[in-house]
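Coordinate inspection notes
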Amino acid sequence: MTAVQVSSNFLLLAFFLYLAATIFFAVSITGKRFKNKKGEEKNKSGLLGYISAILAIVASLLYFIFRWIASGHAPVSNMFEYTTFLGICMAIAFAIIYPMYRNNFLGLFTMPIVMLIIAYASMFPRDIQPLIPALQSYWLKIHVITVALGQGILAIGFAAGLLYLIRVIDFSKASKKVRWLEFILFSILSTIAYILLGIGFGAANYEAEFNYINEKGIEAQMVYTMPPLISPHEGERIGEGFDPFLATPAIIRSNDLNTVIWSILGGLILYFGLRLLFRKPIGGAIQPLLKAVNPQTVDELSYRAIAIGFPVFTLGGLIFAMIWAQIAWTRFWGWDPKEVWALITFLFYAAYLHLRLSRGWHGEKSAWLCVIGFALIMFNLIFVNLVIAGLHSYA
Amino acid sequence: MEKVKCDCGHVNPYGTYLCESCGKPLLDDNQSLADMRYEGVARRSQTYSKSVVDKVWNFFSSVKVGIWIIVLILLASMLGTIFPQEMYIPAGERASTYYEQEYGVLGKLYYQLGLHTMYSSWWYMLLIASLGISLVICSLDRVVPLHRALKTQRVTRHKGFLSRQKLFSKTEKMEEPEKSIEKAEKVLKEKHYRIFKEDGNILAEKGRFARWGPYVNHVGLIIFLIGAMLRFFPEMYIDEHIWVREGEQVVIRGTDGEYFLRNDEFIVELYDEEDERFRESFERTGGNPVVKTFQTSATLLKRINNEGPIGLGTEFEEIMQYDIRVNDPLTFDGYSLYQVDYKLNELSEFTFTLQRNEDSSEEDLSDIQFTVDLFNPELVYEFENGYRVEIFQYFPNFYINDQKEPDTLNRIPDNPRIIFEVFTPEMNPDTDRGELSLVGVQVNEALNGDNNYRIRMIDVDMNHVTALTVRRDRTLPILIVGGVIFMIGLVQGSYWYHRRIWLQNRDGEIWVAGHTNKNWHGLKKDFETITKNTAIPMPLDQTDDWNLIEEVEGVKGKDDSSTSK
């Protein structure tokens, strides 16, 4: 086995260990009453969950080390590598914060999100890419690893915020809050749908090719990895297959949009399937499981996660970033979209901290902000990298 | 403004909410809990509102206003990333046409609103400046009275202060309360609390310096912003660009003719396409070569006699040799030279020979060979056998302009064309008109009728060109100081927590109260240790109306009903 294969196997192992941790944490919550009847005997599943999480982190780090050996550089240089590492960092952040509060609900919320991030990462090309000159610096490791760690800790704030919201929101009557929370859950389901569809069509080796006219008026070809629902600008299908009715303007990358539409459709099916099953909002279906959650503790927990993560993120995402930019790009700040979005993330969490400390935004308001903050981080990771072109578009 | 004298004897400034010394609530706010923000001190902003200065001060001292400024900067910053900023549009494109061409109506609007240069616009600067002012005023408004209050705080606190803390409880009259307090003191000392005693009462305090964290980081930010502002003074900041051809020596712009750079060799290294590690990646991306390194081996020179124009007599001293690479700039005397770009195989020299069109004559012209430097061509080439070639006109980057005339785009020899004039030994260059021909790569046209002579290109020489950025940024040290102070403050305020525990013996009853600015969970744990080791009870969380046992029962009930379905 080569080092790359070894690293892939460790990542797979880690994925299943995260799954095991999720299951243990779920048992620790739902299985509590069995133990209670027998007396004061403590439920050990929480501890097992934590041990699984630690083992999962060890396996993840072995993935990281072997990939480092295989590629010869820190494996944080493209979308697959960075996103995977972000998931790992979130798990590490959980391992740091869990012992402070011993909150199994946090485990139940964090571990699936970690799995989702790692699964999402694996949708990107996984080959090892050579480093362009601008990335050849020891600041690659320092800057990127610190940023990922900071974002991972901030993501714990999101998990706790989400936990808080599902715990306290009144799902019995329709309201704006319920709709927004359901929208968050729907987004998560869409991501799951995207991963499942990607794996499904990938396994079937699905491809559809089009000739089309691109935005510069030149003939080009485009490959779809999911059945085309919309065709590219003046697209003509190569080979057999159904022609979509709708065509997109030239400036839109129609194959990406097609994938987005598939994911949303998949998300809708999952969402309404679950709603039909539960006969109430998904959040409302989860809520009874969270009755034992102390909202105040979770509120403080989300805040602590942000307070711990914010300086780490600032150090990695702004300070180290500026030092490296000064060395590699001749200036410490150049208003590159990624830089601007890191600044926006920084300002957002700064506003959060001021609102919380000086304006008394605790509880629900604070939890919503944690959720929005994570949305910003994801936006900066995915949208800014893939859609807005800039110096950081390496993937 | 009248000062307020508390029952305990301490004189507080007007507007004080909790007495700085004993904590007695001086203003009744009808709340069950005391608002402990900034220790209930009187702040200047809440006291004066007469003059314009007061009004400005009050406006900027509000955290609410500060947050609005942050949010406005945040939202504005988003706008600028919709389309690329002007410095990131392709070189040579004009902003006035580029945005509309590329992004349509929205692009035009983006350009017209000035969003393509918005980060240097007056209104963005104004927002940043207001943030700076807000930082200074907000901090001053709070840090001074807060410092005074924490310094003058007494151990023995007013009843109203203790009972209105979030964590509070009191015991019944008990035997020997002093012993319990003494034991608690030991426990707290082990937990590294600082203990203050007064009349058998205790104030245990830990991590007070965390309270200064926010102010320290604000100072750092202000220094950083000042440093960033200094950039607008030309002395502080130089940003120049030089192209250096292999073997060429040029003056380094921005150094006032003091430093020169010679490009000894420029190399580009590509990744090995056979490299097994990257095989999959190369396959996926279609095997385009990926650059591994580009590097200028350069010699830095300094001019010795610093006066007068540069000429043949100018002497240079070699300072150092350095391989300049991306991520590895050459730094000297406050300047840095960065590898930013390159151009391979730029035409540099053409070598020509002269031929007769009908080779009937026995005349041997093979001695006539001359080389034209495409950057700095000599205009006249004379040969021993009396022949003479002149450059009539030179177009380094040839094109036909709007007037349908030949012209050059710039001085870079990307598409060089030369009009030569050939004089035979019999002709007089001053009066006669020689044969004209236009010569370039794959081009050779006679311009004035049929020519007897033909200028033939026999050799081409090419050269690599390196592009370097010259930078001097004297604001960096200030920015570094600001950044370091900011980080220290951030860590100080985030990773340490200010905790205080009050234990008071009031006629045999023990009153317990606690306060922290962040980590209530940690403070409760400290109380748990006290409770374990002494007779002092765990204080109640007065905001916590939630009861764990009941709720667990509730879950049980619901779960049971769902499983029975």
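Worth saying up front: this structure is predicted, and the values here are computed from it rather than measured.

Conventions adopted
Residues numbered from 1 in each chain as written. Chains lettered and ligands numbered in written order. Predicted model: local features only at pLDDT ≥ 70, side-chain atom pairs only at ≥ 80, totals over all residues. Heavy atoms only, no water. UniProt positions renumbered as here; feature names shortened; annotations may be inferred. Helix = DSSP H or I, 4+ residues; strand = E, 2+ residues; numbered from the N terminus. Pairing = 2+ DSSP bridges. Axes fitted to C-alpha atoms, helices over the stretch in contact; angles between N-to-C directions. Contact = heavy atoms within 4.5 Å. Buried area = accessible area lost by both parts, 1.4 Å probe. Salt bridge = Lys/Arg side-chain N within 4 Å of Asp/Glu carboxyl O. Polar contact = N/O pair within 3.5 Å; in protein donor to acceptor, adjacent residues only side chain to side chain. Nonpolar A, V, L, I, M, F, W, Y, C, P; charged D, E, K, R; others polar. Buried < 20%, exposed > 50% of the residue type's maximum accessible area, 1.4 Å probe, protein only. Expected span 1.5 Å × (residues − 1). Bend = angle between axes of the 7 residues up to and from the residue. Core = buried A, V, L, I, M, F, W, Y, C linked by side-chain atoms within 4.5 Å. Phe/Tyr/Trp six-rings, centres within 6.5 Å; stacked < 30°, edge-to-face > 60°. Lys NZ or Arg CZ within 6 Å of the ring centre and 35° of its normal. Domains from an automatic or database assignment.

**So, the UniProt feature "domain: Cytochrome c assembly protein" (unreviewed entry) in chain A**
Feature annotation in UniProt places "domain: Cytochrome c assembly protein" (unreviewed entry) on residues 77-199 and 296-392 of chain A, given in this structure's numbering. Annotation note: span residues 77-199 of chain A, helix share 78%, strand share 0%, distance between end C-alpha atoms 23 Å.

**Quick look at the sheet that holds strand β8 (residues 259-270) of chain B**
All names here are of chain B. Strand order in the open sheet made by the four strands is β7-β8-β9-β10, with antiparallel pairing throughout. Of all strands in the sheet, those bounded by a partner on one side alone are β7 (249-251) and β10 (316-325). Looking at each pair of strands side by side, their axes are set apart by 25° on average, direction ignored.

**What to know about the UniProt feature "transmembrane region" (unreviewed entry) in chain B**
Residues and elements named next belong to chain B. Here the UniProt-annotated "transmembrane region" (unreviewed entry) positions come out as residues 65-83, 122-144, 215-233 and 476-497. Its end C-alpha atoms 30 Å apart, residues 65-83 is made of 79% helix and 0% strand. For residues 476-497, the helix share is 91%, the strand share is 0%, and the end-to-end C-alpha distance is 32 Å.

**Some remarks on the interface of chain B and chain A**
Listed per partner, the contact involves 68 residues of chain B and 67 residues of chain A. Roughly 5,800 Å² is buried in total at the junction of chain B and chain A, and carbon and sulfur atoms are behind 62% of that figure. Applying the counting rule to chain B against chain A returns one salt bridge. Here A:D127 and B:R284 are joined by a salt bridge, their closest N and O atoms 2.7 Å apart. Counting every contact that joins chain B to chain A gives 23 residue pairs in polar contact (both at pLDDT 80 or more). Broken down by element, the residue count for the side of chain B that touches chain A peaks at nine residues, all from helix α12 (residues 548-563) of chain B. Looking at the side of chain B that touches chain A, its residues break down into 34 nonpolar, 15 polar and 19 charged.

**Things to note about the pattern of salt bridges**
Residues and elements named next belong to chain B. Scanning the entire structure with this criterion turns up 37 salt bridges over all chains. The partner of E205 in a salt bridge is R208, with the nearest N and O atoms 2.9 Å apart. A salt bridge links E346 to R245; the nearest nitrogen and oxygen atoms lie 2.8 Å apart. In this pair, E346 sits in strand β12 (residues 335-356) while R245 sits in strand β6 (residues 237-245), placing the two residues 101 residues apart along the sequence. Assigned by exposure class, E346 and R245 land together as buried.

**Points about helix α10 (residues 295-328) of chain A**
Residue and element names in this part refer to chain A. End to end, α10 covers 46 Å across 34 residues, agreeing with the expected 50 Å (1.5 Å per residue, within 8%). Remark: the principal bend of α10, roughly 35°, maps to A321. When you tally the buried positions in α10, you get 29 out of 34 residues, the bulk of the element. N-capping of α10 is provided by N294, with a side-chain oxygen placed 3.0 Å from the backbone N of Q296. One or two residues past the end of α10 sits T330, with phi positive at roughly 70°.

**Re the nonpolar core**
Membership of the largest hydrophobic core comes to 167 residues, with the highest contact counts inside it found for A:Y18, A:F94, A:I156 and A:L181. Listed in part, the 21 residues of the second largest apolar core include B:F350, B:L354, B:V372 and B:I418.

**Side note on the packing of aromatic side chains**
Applying the stated criterion to the full structure yields 60 aromatic pairs over all chains. Relative to A:W68, the ring of A:F64 has its centre 5.8 Å away and its plane inclined at 90°; by these criteria the two rings are edge-to-face. Of this pair, A:F64 and A:W68 are both found in helix α3 (residues 45-71), four residues apart, which corresponds to roughly one turn of the helix. Here A:W68 falls in the partly exposed class, since its relative accessible area comes to 27%. Here the aromatic rings of B:Y387 and B:Y453 are separated by 5.6 Å at their centres, their planes lie at 70°, and the arrangement is edge-to-face. Here the residue B:Y387 occupies a position in the loop between β14 (380-382) and β15 (388-395), and B:Y453 occupies one in strand β21 (residues 453-473), the gap between them amounting to 66 residues. Judged by its relative accessible area of 9%, B:Y453 falls in the buried class. One aromatic cluster is present, built from ring pairs that chain together B:F83, B:Y98, B:Y99, B:Y103, B:Y110 and B:Y111. Taking the ring centre of A:W361 as reference, the NZ or CZ of A:K365 above it sits at 4.7 Å. Its guanidinium or amino end placed over the ring of B:W520, B:K166 lies 4.8 Å from that ring's centre, counting from NZ or CZ.

**Section: the domain arrangement of chain B**
When cut into domains, chain B gives domain 1 (40-152) and domain 2 (245-473). Each of domain 1 of chain B and domain 2 of chain B was reduced to a C-alpha centroid, and the two centroids are 49 Å apart.

**So, the domain arrangement of chain A**
Residue and element names in this part refer to chain A. Domain parsing of chain A yields domain 1 (3-171 + 290-386) and domain 2 (172-279). Computed from C-alpha coordinates alone, the two centres of domain 1 and domain 2 are separated by 27 Å. Listed as interface residues are 14 residues of domain 1 and, on the opposing side, 17 residues of domain 2. A combined buried area of about 1,400 Å² lies between domain 1 and domain 2, and 76% of that area is made up of carbon and sulfur atoms. Three residues stand out in domain 1 for area buried against domain 2, namely L116, M123 and F171, and they jointly supply 38% of the buried area on that side. Linking domain 1 to domain 2 there are two salt bridges. E364 is paired through a salt bridge with K177; the nearest N and O atoms lie 3.1 Å apart. In this assembly, domain 1 and domain 2 are joined by four residue pairs in polar contact (both at pLDDT 80 or more). For the side of domain 1 that touches domain 2, the elements supplying multiple residues, two or more each, are α5 (104-121), α6 (138-168) and α12 (363-386). No other element matches the four residues that α12 contributes to the side of domain 1 that touches domain 2.

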